[in-house]
Structure formats: C-alpha cells, structure tokens
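Letter by letter, the chains look like this.
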Amino acid sequence: MKYITRTLLGFVVLTFSSISHAQEVQKADLEDVLQIKGNLSVIGEFSNYTAEYNEIPPNFGYLSSDQQLTIQGIPFQANLFLSSYQASSLNRYSISFDSRALKQAIKERVAQKISTLQEIPSIEAMQQKIEKLEEPSQYSQLRDLNEQMQDESLESKLIPLAADSDYESLLRSQQQLSRYNPSEYAKYRQYLQLKALDSELDYGKQLKLLEGEGLISATEKIGHQFDAIELGTARPYFSDLDLAGVPVKGYYVAFSNPYIYVAATQGTTLPFSIQDSVKSFSRNLKGYKLGTGSAHSTHLHFSYLNGEDKIDPSLASQESNTVGGLDGRLQLFKQRLDVQGRSYISVHTTDLGAVDELFTITNEEITNLKAIGNFLIKNNGLNSSTTAGNAHFLSARYGNGDLKIDGEFRRVDPNYHSMGVAYMRKDLQRFALSIDKSLFKSKLRISVSAKIDEDNLNGAKEYSATNINGLFRVHANFSKLPPLSLTYTPNFFSSEHRSNKQPLKHESHMLSVTSSKSYRFLKLNQITRGSVSYNFYNVPGGNFSSVNTTLTQMIAINPKLQASILLIYRQTNSSNYWNTRSSLRYSFGKIGVAHFSQRFGVDFLQNTRSAFDLGVNLNINKHLSFGLSATQNYYSQISRSNDVRFRTSLIASW
C-alpha cells in the first residue's frame, strides 16, 4: 500500500508540475534541459440499453492521463487510467522510461543529418552513382572501402574491374573527390557511415560513433542501453513462450547492450476478468533474464519465471508455476541471415494442497534440458497435481534486398504452462514457410506462405487434427494505374479418431481483389475503393459459398466539408445482407469539427438495423477541447429495441 501511495503521489506531483511548467516556464535554456507535455482525458457514456452477455455497464466513465517528461533528452512516461467499472483489473498506473521514444528521436536525427548531407551537390552526385549499382543498399561496403582509401592507393583496386562498370565509375569519383575537395570528401565519408548505420535495426554497437558525430548526448548514450524501466503497472516481455502480455503491478527493468543483457520483473499479476469475484485473490510473479548480447542482435539468454497464487484454499485451488529455458539468436552475413531459437521447460502444480507424491522429470522429449528441469523443481511444492511440459521455437529469416524468406518450427507440449502468457495455444506443432519478393523496384510484390499445424502430440486425446493453410498475394502499384491487390487463401482441415482411420475433412478457399483510386472529378478531389471476395467451403454434407462486395466513395466537397459513403453486400447459398453507411464531416477551422453519419442494413429475413450518429468537437482554447456525441441504434430483430447513447469528453493537453 505504501508503494502504491508513493507512486500515486509521484504521479500527482508530475501532473501538477506539467501544468505549472505550461504556465510559468519561459526560459529557453531551461527548455533545452527539461520539456514536459501530456494530456488528461475525462470521458463518460450513457445508454438506455444493455446487451446480453456484456460485462460493460450501460453507464460508465473513465479518466486517463499520459504525461511525458524529458530530462536531458531522456523521456519518461507517466500513465494513469481509472474507470467506474468497479474492477481493479482495468485500473492502472505506471511510470516508465520511454525507450522507444528515445530511439525514435535518435533515428530521426540520423535521418535528418543524412538528408542535410545529401543536399551537398558532390554528395548528391555520388548518391546518383550509388543508385546505379546492383546492390545500392550496401553502404557499409563503400564505407569500409573509404576507410582504406586514406592509407592505400585506389589504382590497384581498379585494375580488375571492367572499364565501363558503374562500380569503377563510382570509385574513380570517390578518389577524385578525396584528392581535390578533402573537406567535402570528409562529409561524404560521414554520409556513408550514417547511411550504413541507418540500415541497421539496432544502434547499440554504434553509440560511440553517434556521440562523436554530436547526434546523441552522454546521457542519451546511457539511456539507449535500457530497453525498459517501468514502475506501477508494468508490461514485461521476455518471449512469446514464457513472459508476454501479462500486466504486473510492480516493476520491470531491462538493460541491453552488445555485451550483456539483464532483465527482471516482480509484482502481482492482474486478474484477466473485469469481475473481481474473489477479492482475496492475488498472483505473485517474478522473472529474471540474463545473458550476453543485445536482445535485438546475436545473443544467448537464460530466463527464469516463477508464479504462485495467494488465495484462501477454501475458495479455490492454489496454483504454482515455474518456467526456465534458453533464448538464442544468431545474425550472420551483415544481418541478412537471422536465426532464432528458444527452448523452455515448465513445472506446473494446479493444486498446492493435493496429495504429495514423488515427482521427477521423465518426458523423453526434454532430455536435453533435463538439467534445467531438475533445477526448476527445486524449492517448489510438488505433488500429484504437478505436471511438466516443454515448448520449443526455431526460426530462420533471410533477407537480401527485395527477397525475404522466413521459416519457422514451433512445438508446445499439451502440459506446458506459463503464468506469464495470458493466452497461448498449447498441444501444437507447427511448420511454416513464407517467401516475399519485390520486382520492378518494388512496384510489384509477390508473397507466398504455407503453414501446417498438428495437435494431440502426446496421444492423450481421442482425435488428432491437421490443419494446412496457405497464402498467395500479388500487390501491384504501377504509376498511372490504380494499385491492385489479389489474395488467395486456401485452408485444408482433417480430423482422425484413433479407432477410425477414415479422417473427417473439410476445406475452404477465399479469393479477393481490392483496388483504390484517387482522382479529381467535377472539380472535386475524390477517392474510390472497392473489393470483391469469393469464399467457398466444402464440408461434410454439402458445399457453401459466399460473395462479399464493398465500395467506398470519399469526396472532398471543399476544404472544410467532406462526404463519404460505404456500401456492403453479402450473398450466400441461402441468405443475403446489405448495409450502407454515409457520413459528413465539417471543419470550423480552429474552432472544431462536426460530424454526422447514418447506417442502415437489411438481411434476407427483412430484419433491419439502423443507426444515426451526430457529434461535435470544440476547441475551447489551445489546451482544452470538449466533445459531445449522440448515437441511436434500432434493432428490429431484438424485440424492436432502441439503443440511445450519449458520449462526452473533456481533454486537456499541454
């Protein structure tokens, strides 16, 4: 409780300091050190209709606040969300270091510096020569060559090349620039360094270069090495198999550089349901990850995760869970080849109060990780409800300019369980392959993929299923022609009973075509988008097919008034449905925006649904805006009910 109180007090101080800053701080030197911006939203909704099986009440309100404090270029985030749902699982607060914002700001500085350098005529001329090469993206090769040019003569390198090659022409131009204009040649070398850096996913190995170029400060250099610092409601992430997507009330810290990786989290996980039916329930979770290498490049990490329920045994069974394993990644050939692998073992006890009995790791498929399994079962309460499972993942990606190839293998044992993953498909073995190829300077893109899923890995179920699906997509974007996308998706499913070798099969096929075109007609700017899809299903007992058609037309009547209409029609073997939606949007300039929309749909049974929406957003001043909207839905098929909703919002920003 003390921890929560201190965190909330810190958040309040941060919020009020934001307002004070917006009103009082005027000095430029202070703004260079400290910048504060953020927003505060209060939103409420009222409705006279409650849908069945809907846990959200008809009347509710919530408050949210997002603050960003930047000190010496290091951004911090403070977030708060409070609702009237009476559910602690939705309410959250957090204070965190915004690593994404920092890395994005550095990337933008690099891009801006590259753009500035490219405006120099000599460098622009060099870039035009580079673009003629077969692999113009390999700026790192040119950078390395220019490093050698300071000490070696270039003549010997030119002898084996064809006299009229684009590459030789570029080398001679570089040599001439270095001899006759050393100052601009120094800027050209800097340009090549930054272009090579800009193509990399992670700047971790080049922080010293960036600092030398004046693109980051010493403080930002340190901050860049932290992937996360979160307090309050944290969102820790290790991998999709052990810790991902589960909010933790506590902390999460991740330090990552090319040589060492350390991550840790600890706290209480939030209930997944918004109904707190068991008030005394809590689940403690702690996890650690340690290894060498950045998470974004070649690395080898070991992770450990432990969770345990804290609940009155008379209300429900207490569970405990421990997961451990290895996470590795290998990048070769200047990151063209990226291989990743992960292997985990879980020990899960569904009832800590069950009958005790001897438990050992016996699964033959995890023999190679048995040492890890034996480590995990130490200091854990094991009994007749304890099971062990394993999960493995292996992927390889090759990318070379316009060609990308991805392969994946995934296997998750039926008994594998992790409290750090909210939703995971278990009892799964998957093989997947995808190929993506761009042609004609990315004007034509072809994608092909296939995936095979199998279950019943331990033979415990009566049925075993196999699912095969694929994807073939062509996207064309040629000049003077509207962009066109064609997608074909087949799916084949078969299920077999252990006592009956005659499998149950069904298949489906989907073919869709989409296109759009922007143009000027009747002195009005317009956009037309359309799509048609055909679906075919072959199931036991017959076939089923459907056709779906959509058409969208948007018209800019004038700079302030815009109109759009959406038409949808769906036809199946035995039914049909059509729906239309039209809308108007009018801008009052700096005052605000008003909108109106109307929807109407009818199915083959003549059931109708209509809706009207009218709203306005007003800018009270440059820091405060107010919104009000009203919506009416009418459903003839549900006891001819009316659903009237009012929504209000008040948003402050600074």
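Everything below is about the structure printed above this text.
Residues numbered from 1 in each chain as written. Predicted model: local features only at pLDDT ≥ 70, side-chain atom pairs only at ≥ 80, totals over all residues. Heavy atoms only, no water.

K.L.:
What exactly am I supposed to notice about the environment of Ala263 here?
P.N.:
Here Ala263 is to be found in strand S9 (residues 261-269). Relative accessible area serves as the criterion here: at 2%, Ala263 is assigned to the buried category. In sequence terms Ala263 and Ala228 are 35 residues apart; their C-alpha atoms lie 8.7 Å from each other. If sequence neighbours within four positions are ignored, Ala263 has contacts with Phe238, Tyr252, Val253, Ala254, Gly287, Tyr288 and Lys289. (Helix = DSSP H or I, 4+ residues; strand = E, 2+ residues; numbered from the N terminus. Buried < 20%, exposed > 50% of the residue type's maximum accessible area, 1.4 Å probe, protein only. Contact = heavy atoms within 4.5 Å.)

K.L.:
I tried to follow the pairing of strand S27 (residues 608-619) on my own but got confused; where do I start?
P.N.:
A regular strand places its side chains on the two faces of the sheet in alternate fashion. For strand S26 (residues 592-603) and S27, the ladder comprises 11 bridges, and the chain directions are antiparallel. Bridging from a neighbouring strand, Gly601 pairs with Arg609 of S27. Counting the residues that bridge the hairpin from S26 to S27 gives four residues, and of these Gln606 lies at a positive phi of roughly 65 degrees. Relative to strand S28 (residues 624-635), S27 runs antiparallel, the two sharing 11 bridges. Directly across from Leu618, in S28, lies its bridge partner Phe626. The antiparallel hairpin formed by S27 and S28 contains four residues in its connecting segment. (Pairing = 2+ DSSP bridges.)

K.L.:
Help me out: how do you make sense of the environment of Ile591 in this one?
P.N.:
Relative to the elements of secondary structure, Ile591 occurs in the loop between strand S25 (576-587) and S26. For Ile591, a relative accessible area of 51% puts it in the exposed group. Between the C-alpha atom of Ile591 and that of Asn619, which follows or precedes it by 28 residues, the distance is 5.4 Å. Ignoring sequence-local partners within four residues, the contact set of Ile591 consists of Asn617, Leu618 and Asn619.

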